[in-house]
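Spelled out, the chains give:
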Amino acid sequence: MTKVLVLMADGTEEMEAVIVIDTLRRAKWEVTVAGLKEGPVTAARGVKLLPDAVLDKVLDKVGAGAFDILVVPGGARGVEHMTKDARVLETIRVFHKAGKMIAAVCAGPLVLQAAGILDGRTVTSHPDVEARITKATRIDQDVVIDGHIVTSQGAGTSLKFALAIVSKVAGKKLADAVAKGMVA
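Everything in this summary refers to the structure shown in the same document.

**What to know about the overall build of the protein**
- For the protein, the count of helices and strands is 7 helices and 11 strands.
- A compact globule built from 184 residues should have a C-alpha radius of gyration of about 16 Å, and the protein, at 15 Å, falls within 12% of that.
- For the protein, the C-alpha atoms occupy an extent of roughly 40 × 35 × 35 Å along the three principal directions.
- Expressed as a percentage of its 184 residues, the buried residues of the protein come to 53%.
- In the protein, the proportion of contacts linking residues at least 24 apart, taken out of those at least 6 apart, comes to 63%.
- As displayed, the protein offers around 8,300 Å² of accessible surface, 53% of which is attributable to carbon and sulfur atoms.
- For the protein, the separation between the mean place of its 24 positive charges and that of its 21 negative charges on side chains is 4 Å.

Take a look at the structure:
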């Protein structure tokens, strides 16, 4: 079974987290949502989201190696918290070194850049953070796949982003079945 780790911090964009979590669970994947702190996360628009666990406990219990995919949602404040969190940056580096899929949406590629893994890559991001993407080539597409790194532009592209992850890992047939079930 494919195991996914989704990171969440105060200020995370609701749609970018929840749409991806929901879609990947519809693919029958095991999705663990890890918050940077204990308790609920207050998302970008004030919605309270309750992660499955705190990142420290996930890393202590099973380690980053237990997961196949890492997802970094956007949201300006959430991304700000993640770029300053040593645990997040090290987790990204562990996934990258192992060649495991890392997926980031909206301003999320800034976290990948802070972890030092975007040199020479092609990505997309929210247009508002384009000028801050300095270590990769940013192109204006809904979803960009460059090797094991998948990026997307924002809340409005989150479903396409999630389905692209499913397609890349498990094939178009499963992605199409998940999309059909959601009438997407």
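The structure having been displayed, the exposition proceeds.
**Concerning the side chain of Ser 158**
- Summarising the element assignment, Ser 158 is placed in helix 6 (residues 158-170).
- Judged by its relative accessible area of 0%, Ser 158 is buried.
- A polar contact is formed between the side chain of Ser 158 and the backbone oxygen of Ala 155, at a distance of 3.2 Å.
- What Ser 158 contacts, discounting residues up to four positions off in sequence, is Met 15, Glu 16, Ile 19, Val 20 and Val 105.

**Quick look at the pattern of salt bridges**
- Taken as a whole and judged by the stated rule, the model has 13 salt bridges.
- In this structure, Asp 10 engages Lys 37 in a salt bridge whose closest nitrogen and oxygen atoms are separated by 3.8 Å. Of this pair, Asp 10 sits in the loop between strand 1 (3-8) and helix 1 (14-26) while Lys 37 is found in the loop between strand 2 (30-35) and strand 3 (41-42), placing the two residues 27 residues apart along the sequence.
- The residue Glu 38 makes a salt bridge to Lys 57 at a minimum N-O spacing of 3.4 Å. Here Glu 38 is found in the loop between strand 2 and strand 3, whereas its partner Lys 57 is found in helix 2 (residues 55-61), with 19 residues between them in sequence.
- According to the relative accessible area criterion, Glu 38 is exposed, its value standing at 56%.

**Description of the sheet that holds strand 2**
- Taken together, the 7 strands give an open sheet; going across it, the order is 5-2-1-6-7-11-10, and neighbouring strands pair in mixed fashion. The open sheet terminates on both sides in strands that have one partner only, identified here as strand 5 (53-54) and strand 10 (143-146).
- In the sheet, strand 1 pairs with strand 2 via 6 bridges, with the strands oriented parallel. Across the sheet, Leu 5 pairs through a bridge with Thr 32, a residue of strand 2.

**Considerations on the pairing of strand 6 (residues 69-72)**
- Burial along strand 6 is two-sided: the face carrying Ile 69 and Val 71 and the face carrying Leu 70 and Val 72 are both buried.
- As paired strands, strand 6 and strand 7 (residues 101-105) are joined by 4 bridges and run parallel to one another. Across the sheet, the residue bridging to Val 71 is Ala 103, located in strand 7.

**Quick word on helix 1**
- When the terminal C-alpha atoms of helix 1 are compared, their 18 Å separation across 13 residues agrees well with the 18 Å that a helix rising 1.5 Å per residue should span.
- Along helix 1, the residues that are buried comprise Glu 14, Glu 16, Ala 17, Val 20, Ile 21, Thr 23 and Leu 24.
- Here helix 1 starts with a cap whose side-chain oxygen sits 2.6 Å from the backbone nitrogen of Met 15, and that cap is Glu 13.

Criteria and cut-off values
Residues numbered from 1 in each chain as written. Predicted model: local features only at pLDDT ≥ 70, side-chain atom pairs only at ≥ 80, totals over all residues. Heavy atoms only, no water. Helix = DSSP H or I, 4+ residues; strand = E, 2+ residues; numbered from the N terminus. Rg over C-alpha atoms; globule rule 2.2 N^0.38 Å. Buried < 20%, exposed > 50% of the residue type's maximum accessible area, 1.4 Å probe, protein only. Contact = heavy atoms within 4.5 Å. Areas by Shrake-Rupley, 256 points an atom, 1.4 Å probe, with all protein chains shown as cover. Lys, Arg positive; Asp, Glu negative; His and termini not counted. Charge placed at Lys NZ, Arg CZ, Asp CG, Glu CD. Polar contact = N/O pair within 3.5 Å; in protein donor to acceptor, adjacent residues only side chain to side chain. Salt bridge = Lys/Arg side-chain N within 4 Å of Asp/Glu carboxyl O. Pairing = 2+ DSSP bridges. Expected span 1.5 Å × (residues − 1).

Spatial relationships are all this shows, so hold off on functional conclusions.
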